[in-house]
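Letter by letter, the chains look like this.
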Amino acid sequence: MTAKVIVAGAGPVGAVLALALARGGLQVTLLESERVIEDSPRAATVHPSTLDMLGDLGLMNEVLARGLVCRYFDHWDRPSRTLIARFDHDVLRDDTAHPFVVQIEQHKIVGMVLARLGSFDDVDVRLGSRITGFEQDVSRVTVTAERDGETEQLTADYLIGTDGGRSTVRKLAGIEFEGYTWPERFLVLTTAFDFQAEWDCSFRSYFADPDEWVNLFKVAGDDGLGRWRAVFPTTLDEADEDALSDAAIARRLSKLALGANPAAQLLHRKLYRVHQRVATSFRAGRVFLAGDAAHVNNPIGGLGMNCGIHDAVELASVLTEAGPSADHAALDRYNTRRRPLNVEFIQQQTIANKKRLEEKDPAQRQARAADLAATAADPRRHRQFLLRSSLLASVAKAKTLA
Ligand SMILES: Cc1cc2nc3c(=O)[nH]c(=O)nc-3n(C[C@H](O)[C@H](O)[C@H](O)COP(=O)(O)OP(=O)(O)OC[C@H]3O[C@@H](n4cnc5c(N)ncnc54)[C@H](O)[C@@H]3O)c2cc1C
């Protein structure tokens, strides 16, 4: 018998999960509280391991058409304007069908997946439908959702919370979200200023600086014309409105351009709170968590959405194999594999990335830069670095877990 699944939240993780389930022949209801998919600047970096998965789901032509292929990953020292290391994903050509990153905004992935879901008879996508409650017994889950002021109840074999960091499903399931929130916030500025012309840098470039690190990314934009995102930390005592002020933005961006004024071409500004948290369990009976509902991390490394898509693919495979009346051991495989992988490959790596960028001690800074340069210069270490940063090492490790 075919299992029926309710997916709560149509961000990139919920959308990809719904598609993977539908392709496995399961019946899917996808509930999304918003009527319009949010397009604020969040994930843009899609790593080779995730591209392999999106390729398996038949999405690669569209991803390549709407994103920017980015072969290199740069690490710079900003005060001295020195390139410390340039990593080349092409060294992964024997490890992946996609030895490059694609810079593509997450709302584009959601949009293309929702369009695909329209062609499945057994998929029901409900925008403007917010999950507000659920109950479960040994054989099914009953979900309460609100849409247009009306309350409705839906039953299914499984419920999956892909409803983001503030997940209602996680809270209703009583699952703790262990970890902490960083005291600084991250400021994301989007500008049409061409940082590649200024720095001769790659589309994905990290700049260490003891005073204020910054990361630069190029994305295509909805118009395909190209634009840059600059991500900065705020200072600890900086009020949100001060960080978002024209003066603070001009000051921050001017440090990235000699004599030019990137703020004059500003397109967007947004401030984010940043957390390192992992749910104590990714499963409670017939209810699962995936993506930001299960884990959140700082965005240095571009790993949160990627890891969430890996969750989605794994969970779709578990539920497709398990069918409606699966036993505990079959269902728990998802939790016992995905949770430790998140801690090892996402939490540890993003915390280390942040430390490397913000290091203040001159001797430590020099040692970290020297190590990065030596890693890039050694072919074996160069490949190992990229296997880990691209989550191909996580995929390999997953295969070794029961
Ligand atoms: C500045 C920044 C840059 C980032 N860059 C990267 C990057 O380059 N690469 C990367 O991998 N990750 C990156 N991330 C992380 C990435 O944005 C998240 O990991 C990703 O959005 C998680 O996707 P999700 O689908 O789990 O959750 P979300 O994208 O948060 O989607 C959750 C969805 O659930 C809906 N929802 C919420 N509550 C309910 C409810 N009660 N009922 C129904 N629907 C509900 C919401 O409306 C939303 O559509 C970045 C994050 C930030 C802040």
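So, a few notes on the structure that sits alongside this text.

With respect to the nonpolar core
Of all hydrophobic cores here, the largest spans 70 residues; its most connected members are Leu-21, Val-63, Val-113, Leu-117, Leu-159, Ile-160 and Leu-319. When residues in this core are grouped by element, the largest group, nine residues, is from helix H1 (residues 12-23). Among residues more than four places away in sequence, those in contact with Val-63 are Leu-51, Leu-54, Val-102, Ile-104 and Met-112.

As for the site of the ligand
Neighbouring residues of the ligand: 32 residues in total, closest Glu-32, Gln-106, Asp-292, Met-305 and Asn-306. Within the backbone of Ala-44, one N or O atom sits 3.2 Å away from an oxygen atom of the ligand. Contacts to the ligand include Thr-168, whose side-chain N or O atom sits 3.5 Å from a nitrogen atom. Burial of the ligand by the surrounding chains reaches 88%, relative to a free accessible area of 1,000 Å². Mapped onto the shell around the ligand, the elements with two or more residues apiece are H1, strand S2 (27-32), strand S9 (129-136) and helix H9 (304-322). Per-class residue counts for the shell around the ligand are 13 nonpolar, 13 polar and six charged.

Quick notes on the packing of aromatic side chains
Evaluation of the coordinates by the stated rule reveals 15 aromatic pairs. Judged by centre distance (5.0 Å) and plane angle (70 degrees), the rings of Phe-193 and Phe-195 are edge-to-face. Comparing Phe-193 with Phe-195, the two get one shared label, buried. Within the aromatic cluster, the residues linked to one another by ring pairs are Phe-73, Phe-87, Tyr-206, Phe-217 and Phe-385.

Focus on the sheet that holds strand S19 (residues 275-279)
The three strands are arranged S13-S19-S22 in an open sheet whose pairing can be described as antiparallel. Looking at the sheet topology across the chains shown, the edges are occupied by strand S13 (177-181) and strand S22 (295-296). Sheet contacts for helix H10 (residues 328-358): S13, S19 and S22; angle to S19, the most-contacted strand, approximately 175 degrees.

Thoughts on the packing of helix H2 (residues 48-56) against H9
The description of two helices packed together rests on the angle between their axes and the distance between the axes. Remark: H2 packs on H9, axes separated minimally by 10 Å, with the N-to-C direction vectors making an angle of 40 degrees. Considering the angle they form, H2 stands oblique to H9. Classified by chirality, the crossing of H9 by H2 is left-handed. Two secondary-structure elements touch here, H2 through Ser-49, Thr-50, Met-53 and Leu-54 and H9 through Asn-306, Ile-309, His-310 and Val-313. The residue inventory of the contact of H2 with H9, partitioned by class, reads four nonpolar, four polar and no charged.

Re the sheet that holds strand S14 (residues 186-191)
As summarised here, the arrangement of the seven strands in space is S6-S5-S15-S16-S17-S14-S18, forming an open sheet in which the pairing is mixed. Each edge of the open sheet is held by one strand with a lone partner, namely strand S6 (82-88) and strand S18 (266-272). Taken over all neighbouring pairs, the strand axes of this sheet differ in orientation by 15 degrees on average, direction set aside. Pairing of strand S5 (residues 72-77) with S6, which is carried by six bridges, proceeds in the antiparallel orientation. Its bridge partner lying in S6, Trp-76 is registered against Leu-83. Together, S5, S14, strand S15 (204-208) and strand S16 (214-219) form the strand contacts of H10, whose direction differs from that of S15 by roughly 55 degrees. The strands that helix H11 (residues 362-377) touches are S5, S6 and S15; relative to S6, the one it contacts most, it runs at about 35 degrees.

Digging into H1
The end-to-end C-alpha distance of H1 is 16 Å, a good match for the 16 Å that twelve residues give at a rise of 1.5 Å each. Within H1, eleven of the twelve residues are buried, leaving the element largely enclosed by the surrounding structure. Among the residues trailing H1, Gly-25 stands out with phi positive, at a value near 90 degrees.

A word on the side chain of Gln-349
Examined against the element boundaries, Gln-349 turns out to sit in helix H10. From its side chain, Gln-349 meets the backbone oxygen of Phe-345 in a polar contact 2.8 Å long. At 3.5 Å, the side chain of Gln-349 forms a polar contact with the backbone nitrogen of Ser-389. Once residues within four sequence positions are removed from consideration, Gln-349 is found in contact with Leu-303, Glu-344, Arg-388, Ser-389 and Leu-391.

Comments concerning the environment of Glu-184
Here Glu-184 is to be found in the loop between S13 and S14. A sequence separation of 48 residues divides Glu-184 from Phe-232, and the C-alpha atoms of the two residues are 9.9 Å apart. In this structure Glu-184 touches Pro-233, Thr-234, Leu-236, Lys-354 and Glu-358, once residues within four positions along its chain are discounted. A polar side-chain atom of Glu-184 sits 2.7 Å from a polar atom in the side chain of Lys-354.

Considerations on the state of the cysteines
Here the structure, examined in full by the defined rule, presents zero disulfides. This cysteine, Cys-70, is not joined by any disulfide, and Cys-201 carries the nearest cysteine sulfur, 9.8 Å off.

A few points about unusual backbone geometry
Even without being a glycine, Arg-81 presents a positive backbone phi close to 50 degrees. Within the chain, Asp-148 stands out as a residue other than glycine whose phi angle is a positive 55 degrees. Locating Asp-148 in the fold gives a position in the loop between strand S10 (141-147) and strand S11 (150-156). Residue Asp-148 is classed as exposed on the basis of its relative accessible area, which comes to 60%.

Criteria and thresholds
- Residues numbered from 1 in each chain as written.
- Predicted model: local features only at pLDDT ≥ 70, side-chain atom pairs only at ≥ 80, totals over all residues.
- Heavy atoms only, no water.
- Core = buried A, V, L, I, M, F, W, Y, C linked by side-chain atoms within 4.5 Å.
- Buried < 20%, exposed > 50% of the residue type's maximum accessible area, 1.4 Å probe, protein only.
- Helix = DSSP H or I, 4+ residues; strand = E, 2+ residues; numbered from the N terminus.
- Contact = heavy atoms within 4.5 Å.
- Near = heavy atom within 4 Å.
- Polar contact = N/O pair within 3.5 Å; in protein donor to acceptor, adjacent residues only side chain to side chain.
- Areas by Shrake-Rupley, 256 points an atom, 1.4 Å probe, with all protein chains shown as cover.
- Nonpolar A, V, L, I, M, F, W, Y, C, P; charged D, E, K, R; others polar.
- Phe/Tyr/Trp six-rings, centres within 6.5 Å; stacked < 30°, edge-to-face > 60°.
- Pairing = 2+ DSSP bridges.
- Axes fitted to C-alpha atoms, helices over the stretch in contact; angles between N-to-C directions.
- Parallel < 35°, antiparallel > 145°, perpendicular 65-115°, else oblique.
- Left-handed = near helix turned anticlockwise from the far one by under 90°.
- Expected span 1.5 Å × (residues − 1).
- Disulfide = S-S within 2.5 Å.

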